Amino acid sequence: YDITGAVTVTGATNVTGTLTAETDLAVGGNTDMTGTLDVTGATTMTGLVTAKNNIAVEGNTDITGTLDVTGATNITGNIVGRGNLNISGDAVVSGNLTIAGTTTQVDVNELTTEDPIITLASSSIATSQTADRGIEMKYGDGASVKTAFMGWDINTSKFTMVSDATNTSEVISGSAGTLVVDVEG
C-alpha cells in the first residue's frame, strides 16, 4: 500500500505486504503486520501493534498500547511510549539514554563502564539527609544470602565497612567489618 496523504484508521488493521505512508499515520485499533511499515511523517498508534518484519519511521512515534516487533526497527524521530517497552533482542542506543523513573534495575552478569568516577546520590541537596551512600553487595555464606556494605555513614560522617549489614530505608546498620590493607606513609 502506498499512501501519499494523511491516514487515520479507527478499527483493526491487518497488513500482509508493505505499507508506506509519506505523511502522518494514525491508527486507533489493533495493528497486525507481516510486512514492512515505512512512515515518513509522525506515527500515532493507540492499540496493540504487532510487526513481524521491519518498521522504519522518520517522524515522531507515539504509542499508547503495546509495540511488539520481531524484525528491525529504525526510528529517526522521538518515541513517546505510554505503556511498557519490551525488547527481547539487543538494543543499541547511539545517543544519550535518560531514565526518569524511580527505580532502575539492571539484571546482567557483567556491568562495565568507561567512566572512571561513579556518582551516587547526584540529586542530593545541602539540607539534612538521613540516607547512607555507598555500595551494597550480596553474598552467600552457604546457608543464606548476606549483605555487605562499603560507603559513607551519613550519621557519623565517616567511611564504613559492614560485613553483615542490614539496610533499613537506606540507613545501614551492623558491626564494623575487617579491612585488609597495606598502608604506606
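Residues numbered from 1 in each chain as written. Predicted model: local features only at pLDDT ≥ 70, side-chain atom pairs only at ≥ 80, totals over all residues. Heavy atoms only, no water.

**A short note on the pairing of strand β15 (residues 133-140)**
Part 1: The pairing of β15 with strand β16 (residues 145-153) spans 8 bridges and is antiparallel. Bridge pairing links Ile135 to Met150 in β16.
Part 2: Here β15 folds back onto β16, and the loop between the two strands holds 4 residues, one of which, Gly142, carries a positive phi near 95°. (Pairing = 2+ DSSP bridges. Helix = DSSP H or I, 4+ residues; strand = E, 2+ residues; numbered from the N terminus.)

**Notes on the sheet that holds strand β17 (residues 158-162)**
Think of a sheet as strands paired side by side through backbone hydrogen bonds, with each pair either parallel or antiparallel.
Part 1: An order of β15-β16-β17 is seen for the 3 strands of this open sheet, with the pairing classed as antiparallel. Of all strands in the sheet, those bounded by a partner on one side alone are β15 and β17. Neighbour-to-neighbour, the strand axes of the sheet open up by a mean angle of 10°, direction not taken into account.
Part 2: In the sheet, β16 pairs with β17 via 5 bridges, with the strands oriented antiparallel. Paired with Asp153 across the bridge in β17 is Lys158. (Axes fitted to C-alpha atoms, helices over the stretch in contact; angles between N-to-C directions.)

**Observations concerning unusual backbone geometry**
Glycine aside, a negative phi is what most residues show, and trans is what most peptide bonds show.
Part 1: The phi dihedral of Ser157 is positive, around 55°, even though this residue is not glycine.
Part 2: On the basis of relative accessibility, which here comes to 45%, the residue Ser157 falls in the partly exposed class.
Part 3: Positive phi is not limited to glycine here, since Ser169 has a value of about 55°.
Part 4: In this structure, Ser169 sits in the loop between β18 (166-168) and β19 (171-173).
Part 5: Since its relative accessible area comes to 65%, Ser169 is described here as exposed. (Buried < 20%, exposed > 50% of the residue type's maximum accessible area, 1.4 Å probe, protein only.)

**Side note on the confidence of the model for the chain**
Part 1: In the predicted model, the chain carries a mean pLDDT of 77, and 50% of its residues have values of at least 70.
Part 2: Per-element mean pLDDT across the chain ranges from 59 in strand β1 (residues 2-3) up to 96 in β17. (pLDDT = per-residue confidence, 0-100.)

**Side note on the pattern of salt bridges**
Part 1: Enumeration over the complete set of coordinates arrives at 3 salt bridges.
Part 2: Sharing partners across several salt bridges, the network here consists of Asp141, Lys146 and Asp164. (Salt bridge = Lys/Arg side-chain N within 4 Å of Asp/Glu carboxyl O.)

**What about the packing of aromatic side chains?**
Part 1: Enumeration according to the criterion identifies 1 aromatic pair in this entry.
Part 2: An angle of 75° between the planes, with centres 4.9 Å apart, marks the rings of Trp152 and Phe159 as edge-to-face.
Part 3: Take Phe159: its relative accessible area is 71%, and that puts it in the exposed class. (Phe/Tyr/Trp six-rings, centres within 6.5 Å; stacked < 30°, edge-to-face > 60°.)

**A word on the side chain of Asp153**
Part 1: If you trace the backbone, Asp153 turns up in strand β16.
Part 2: Lys158 is the oppositely charged side chain nearest to the buried, salt-bridge-free Asp153, at an N-O distance of 9.2 Å.
Part 3: A distance of 3.4 Å separates a polar side-chain atom of Asp153 from the backbone nitrogen of Thr156.
Part 4: Asp153 has contacts with Asp132, Lys158 and Thr160, leaving out every residue within four places of it along the chain. (Lys, Arg positive; Asp, Glu negative; His and termini not counted. Polar contact = N/O pair within 3.5 Å; in protein donor to acceptor, adjacent residues only side chain to side chain. Contact = heavy atoms within 4.5 Å.)

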